[in-house]
Structures are given as C-alpha cells and as structure tokens.
Amino acid sequence: MNNFYKDKVIIVTGASSGIGLASATRFASLGAKIVLAARSIDKLEKIAEEINEKFNKSTDNVLCVKTDVTKEEDCKNLVEQTVKHFGKIDVLVNNAGISMRAVFKDMDLNVMRSLMDTNFWGTVYCTKYALPYLLESKGSVVGVISTAGYVGLPARTAYSASKFAVRGFLETLRIEHLYDDLHVMIFAPGFTTSNIRNVALTADGSPQGETPRKEERMMSAERVAKIMARGIFRRKTHMVLTPLGKATLFANRRLPRVTDKMEYRMMANEPDSPLKKQ
C-alpha cells in the first residue's frame, strides 16, 4: 500500500482523537499528505508536530484546519484550504461524530438535532464541497458509521438515526456516480476504544462523563485505522469490522425479533442504563 498512498491528499475530520487520530497517523505512515480537521486547533497542531517528527515529514505535508462540521462554511473552508495548499483531494474520511445515551421519550429534541448536525450534516457538507475534486482524482469518500447504522440500537435513538441517514446518503451517492470511478466506502467499526462514550450526550444534552463499557475489551483505534486503509486501497464499498457487528447484522436478517430482544438485553445490562431490565 505504500506506493498507493504516497503523496495522496487525505482529509480526516474528527482528527483530534480516537479513530480520526489513528487514521491520520496511519495514512501519514504510508506516505500520504494529511489534512487534520477538528474544532480544537491546538490539539491538531500538536498532533501535526508529532506526525512530522515520527515520520520525518515536511511541515508542508500536514495541514491543520479548525473545523466545526456542523457549520457549512467551516466545511467549505476546509476543502478550500486543502485545495489551496495541496492542489487536490484524493480521500475524504468523514469521521467526526458524537454519540448519546437516552431513551427517546425522555430525550430533549436538541440532542437529536446535535447528533444529526454533526454526524449527518457534517458528512453531507464536507462531501458536497469535496466532491468535484474527488471526481477529478477518482478518489474515495469514506463514511464512518456503526452497526447502529444498520440495526436500531436501543437507548441510542439519535445516534442510530444519524448513522442510518449517513448510510442512506452514501449508498445513493455511490449509485449516482457508479460510472464516474468515484469510490464510496461505508465503514462500520463497531465498539472501538475511544472517548466517544465519555462525551456522549444524555437525555438533557449534558455529557455522560464516563463510559458504560469496558474499553479494554474493544478493538483499538489503531487496528481500525489499519483496516480502513486496506479497505480504501481495495476500494471496498462496505466494511463491518467486529465479530459482534457481523453477527448482529446476520441475525437481524434472519431472526429480527430475536435480535431485537438480544439487543435490548445487551444495552439494558449496561451500568446505569436508561432501559429497564426485563
């Protein structure tokens, strides 16, 4: 893959932590030119320094752009700054996202809006402005979703809705450009070690603060990044990573009612779950 990624220009949103950070680092190790996008410019600049030192890169090969993906103008600026600096775009990784944990009946609707603004509209905005350049380069659009984008996840109503929406959007985009050599990959990592659960929103919109899951048992963000890089190289259209995710999708197609009960039980058994144990 080294030759494939050498000098490719790759935008990664949500690059300040988790899968975004691991992916940007992985692409840099393979010789790509990286655009780091997130709300915290201080974090991005520190990450850029570390990448440059680790891989002996020129400072011109890593670009940091402060970006709030909920703002259309920020996403447009991200693309404009990338093209101004590098002259092209080869890969867009729509990774920026937030999660939540609450049952819908108790949830403030602003939580739903926040999830849709970040997870769905952030993907739409960035893809819209990057698309002309990706078509020119016959490049790749990646949407990082979740198993929750295939199967409804109880107590994650807004999260599932936003990830279903991203999947629908990208599926349609892929078909629209079926004969344009545009590569569209829907990427569902499953539960991955990151801080997304710590900052997940509760029913009133406040962050929950602590993860309800045992992070050490999850796939690492670095492992996810390696698989993503291979998927882009092979121009995969769908990737569901974890055994649990694959098993859930398989079971849902054949035994949907049984799967519903299994999902409910699994999420109800989380510490302080908003679901009642049955």
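I will try to describe carefully the structure that is included in this document. Every chain is numbered independently, its residues counted from 1 as its sequence is written. Whole-chain, interface and lining totals are the exception, using all residues; otherwise, since this is a predicted model, local features are given only for residues with pLDDT of at least 70 and side-chain atom pairs are given and counted only at 80 or more. Just so you know, side-chain values use all the structure's heavy atoms and leave hydrogens and water out.

1. Some words on unusual backbone geometry
In step 1: A positive phi is found at K138, a non-glycine position, where the angle reads about 55°.
In step 2: As for its placement among the helices and strands, K138 is situated in the loop between α5 (109-137) and β5 (140-144).
In step 3: Phi is positive for D181, close to 65°, though the residue is something other than glycine.
In step 4: Tracing the sequence through the fold places D181 in the loop between α6 (157-176) and β6 (183-188). Helix numbers and strand numbers start at the N terminus; a helix is a DSSP run of H or I with at least 4 residues, a strand a run of E with at least 2.

2. A look at the pairing of strand β1 (residues 9-13)
In step 1: Of all 5 residues that make up β1, 5 are buried, and the element is covered over most of its length.
In step 2: Residue alternation in β1 divides its side chains into two sets, V9, I11 and T13 and I10 and V12, and both sets are buried.
In step 3: Paired strands, as defined in this entry, are two strands with at least two bridges between them according to DSSP. Note: β1 against strand β2 (residues 33-38), 5 bridges, orientation parallel. Bridging from a neighbouring strand, V9 pairs with K33 of β2.
In step 4: Of the crossover connections in this fold, the one passing from β1 over helix α2 (residues 18-29) to the parallel β2 is right-handed.
In step 5: One ladder, built from 3 bridges, connects β1 with strand β4 (residues 91-94); its direction is parallel. Bridge pairing in β4 places I11 opposite L92. Burial classes follow relative accessibility: with a 1.4 Å probe on protein chains only, a residue under 20% of its type's maximum area counts as buried, one over 50% as exposed, and anything between as partly exposed. Look down the strands so they point away from you; if going from the first strand over the helix to the second traces a clockwise path, that crossover is right-handed.

3. With respect to the nonpolar core
In step 1: For this analysis, a nonpolar core means a set of buried residues of the types Ala, Val, Leu, Ile, Met, Phe, Trp, Tyr and Cys, connected via side-chain atoms within 4.5 Å. Counting 53 residues, the largest nonpolar core has V35, M100, L115 and Y150 as the members making the most contacts within it.
In step 2: Among the elements that line this core, the one with the most residues is α5, at 11 residues.
In step 3: Residues in contact with V35, not counting those within four places in the same chain, are V9, I10, I11, V12, L63, V65, L78, T82 and F86.
In step 4: In this structure, A48, I51, M219 and M228 belong to the second largest nonpolar core, which totals 35 residues. Contact criterion: two residues are considered in contact whenever any of their non-hydrogen atoms come within 4.5 Å of each other.

The values are spatial; any link to function lies outside them.
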